[in-house]
Amino acid sequence: MDKKLFRSSSNKMVSGVLGGIAEYFNFDATILRLIFVIAVPFTAVFPLLFIYIAASIIMPIEGEI
């Protein structure tokens, strides 16, 4: 089975990046979002926020391809 990484169209709060990553790794999206929110201040905000924005631009939305 070929798994592909997509932004989630059903499990999203902002753009679906974390929901898509959680679905890809079969992980709870809420826990992943909490980890992300806790980790952002510890990385001086910019690196994780930049990665999130880049992922939301690069990752295709589920069902579009």
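Anything mentioned here points back to the structure above.
Residues numbered from 1 in each chain as written. Predicted model: local features only at pLDDT ≥ 70, side-chain atom pairs only at ≥ 80, totals over all residues. Heavy atoms only, no water.

Draft legend 1. Looking closely at the overall build of the protein. Along the protein, the regular secondary structure elements total 3 helices and 0 strands. The secondary structure elements of the protein, listed N-terminal to C-terminal, are α-α-α. A compact globule built from 65 residues would reach a C-alpha radius of gyration of about 11 Å, and the protein, at 12 Å, matches this within 12%. With the C-alpha coordinates of the protein rotated into their principal frame, the extents come out at 35 × 25 × 20 Å. (Helix = DSSP H or I, 4+ residues; strand = E, 2+ residues; numbered from the N terminus. Rg over C-alpha atoms; globule rule 2.2 N^0.38 Å.)

Draft legend 2. Seen up close, the nonpolar core. Grouped together as the largest cluster of nonpolar side chains are 10 residues: V17, L18, A22, A29, L32, F36, V40, Y52, A55 and M59. The set of elements that each furnish at least two residues to this core consists of helix 1 (17–24), helix 2 (29–42) and helix 3 (46–58). When residues in this core are grouped by element, the largest group, 4 residues, is from helix 2. (Core = buried A, V, L, I, M, F, W, Y, C linked by side-chain atoms within 4.5 Å. Buried < 20%, exposed > 50% of the residue type's maximum accessible area, 1.4 Å probe, protein only.)

Draft legend 3. Here's a closer look at the environment of F42. Along the chain, F42 falls in helix 2. Owing to a relative accessible area of 71%, F42 belongs among the exposed residues under this scheme.

Draft legend 4. Broad picture of the environment of K12. Mapped onto the secondary structure, K12 falls in the segment before helix 1. We classify K12 as partly exposed; its relative accessible area is 47%.

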